[in-house]
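Summary of structural features
Take a look at the letters that make up each chain.
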Amino acid sequence: MYFALKELGYFLGDELEAALIYADYYYRNEFEELIAYCEKYEAFQDLPFSAAGTFKVVDKAFPRSKFILTIRDSPEQWYNSYLRFQSKQMAGGRVPTYEDIEKFNYIRTGYTTHLLKLNGTTKNDPFNKETLIETYNRHNADIVEYFADRPDDLLVLNVAEPGAMQKLAAFLGEDTTRSEFPWKNKT
């Protein structure tokens, strides 16, 4: 999504900068600094904007915004991709343990332990398939329900589908000759 939005000419926020803000304020439900951060850019992707409920805060602060929910062909496909990505990032390709999560240095050591809270998993089973898929489904349903009476403000998009880039551009009122999404990191 980052590269697609850049290609369409949007000024994107830096995910690491946003993640630092999020880490300090999300669980206290304090979003003033995140809103101030959003005022500096035109578009955002991934954390903290993909964290449960953050879209509602941003929507209230920026009422004419558009939101894009990226999905996979199935929750199972999403889970497998998520597990491969985290395994590659944190544990050299094997399923990470809680100790791997604690030691992983993304922004700072221990930062990624918040994944357990976000995903509802436990230290004993941080990548529990059933729990993660349930969280994924609930999150997606929450977004779709929230925008149910505002279909022009939400695009649900499977970036792997043919014509996905065209759908994104049309939703944003932009033009592109590309029909497929630019892929940079397939998992």
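Placed above this text is the structure.
We now turn to the structure provided with this report. (Residues numbered from 1 in each chain as written. Predicted model: local features only at pLDDT ≥ 70, side-chain atom pairs only at ≥ 80, totals over all residues. Heavy atoms only, no water.)

**Quick look at the packing of aromatic side chains**
Centre-to-centre distance and the angle between the planes together describe a pair of aromatic rings. To be explicit about the condition: Two rings from Phe, Tyr or Trp (for Trp, the six-membered ring) form a pair when their centres are within 6.5 Å of each other. A pair whose planes differ by under 30 degrees is stacked, one over 60 is edge-to-face, and the rest are tilted. A run of H or I in DSSP becomes a helix once it reaches four residues, and a run of E becomes a strand once it reaches two; helices and strands are each numbered from the N terminus. Note on classification: 1.4 Å probe, protein chains only; a residue is buried when its accessible area is under 20% of the maximum for its type, exposed when over 50%, partly exposed between these limits. Only lysine NZ and arginine CZ atoms are considered, and such an atom sits over a ring when it is within 6 Å of the ring centre and within 35 degrees of the ring normal.
Considering all chains together, one arrives at 14 aromatic pairs under this definition. Residues Phe-67 and Phe-147 carry aromatic rings whose centres are separated by 5.1 Å and whose planes lie at 40° to one another, so their mutual orientation is tilted. Highlighted residues: Phe-67 in strand S1 (residues 67-70) and Phe-147 in the loop between helix H8 (129-146) and strand S4 (154-157), separated in sequence by 80 residues. You can call Phe-67 buried: its relative accessible area is 13%. Its relative accessible area of 3% is what places Phe-147 among the buried residues. Centre to centre, the rings of Tyr-146 and Phe-147 are 4.9 Å apart; their planes meet at 80°, and the pair counts as edge-to-face. Classification of Tyr-146 by relative accessible area gives partly exposed; the value is 23%. Through a chain of ring-to-ring contacts, three or more aromatic side chains come together here, namely Phe-11, Tyr-37, Tyr-41, Phe-44 and Phe-49. Geometry around Phe-171 places Lys-66 over its ring, the cationic atom sitting 4.7 Å from the centre.

**Topic: helix H5 (residues 75-91)**
Think of an α-helix as turning once every 3.6 residues; residues three or four places apart then point the same way. Short version of the rule: Under the convention used throughout, the expected extent of a helix is 1.5 Å for every residue step, that is, one less than its residue count. By the convention used here, residues are in contact when the closest approach between their heavy atoms is within 4.5 Å.
Between its first and last C-alpha, H5 extends 23 Å over 17 residues, near the 24 Å set by a 1.5 Å rise per residue. Residues of H5 that are buried include every one of Trp-78, Tyr-79, Ser-81, Tyr-82, Leu-83, Gln-86, Ser-87, Met-90 and Ala-91, and no others. For H5, the elements touching its buried residues are helix H6 (98-103), helix H7 (114-119) and H8. Trailing H5 by a residue or two, Gly-92 shows a phi angle of about 60°, which is positive.

**A look at H8**
Heads up, the condition is: This arc is taken over the directions from the axis of the helix to the C-beta atoms. Any N or O atom pair separated by 3.5 Å or less is treated as a polar contact, with the protein-specific requirement of one donor-capable and one acceptor-capable atom, and with residues adjacent in sequence counted only for side-chain atom pairs.
Counted at 1.5 Å a residue, the expected span for H8 with its 18 residues is 26 Å, and the 26 Å between its end C-alpha atoms agrees. Looking only at H8, the buried set comprises Leu-132, Ile-133, Thr-135, Tyr-136, His-139, Asn-140 and Ile-143. Viewed end-on, H8 has its buried residues packed into an arc of 160°, placing them on one side of the element. Of the exposed residues in H8, the ones pointing more than 90 degrees away from its buried face are Glu-130 and Glu-145. Buried residues along H8 sit in contact with helix H4 (54-61), S1, H5, H7 and S4. Of the residues that open H8, the one with a side-chain oxygen 3.2 Å from the backbone nitrogen of Glu-130 is Asn-128.

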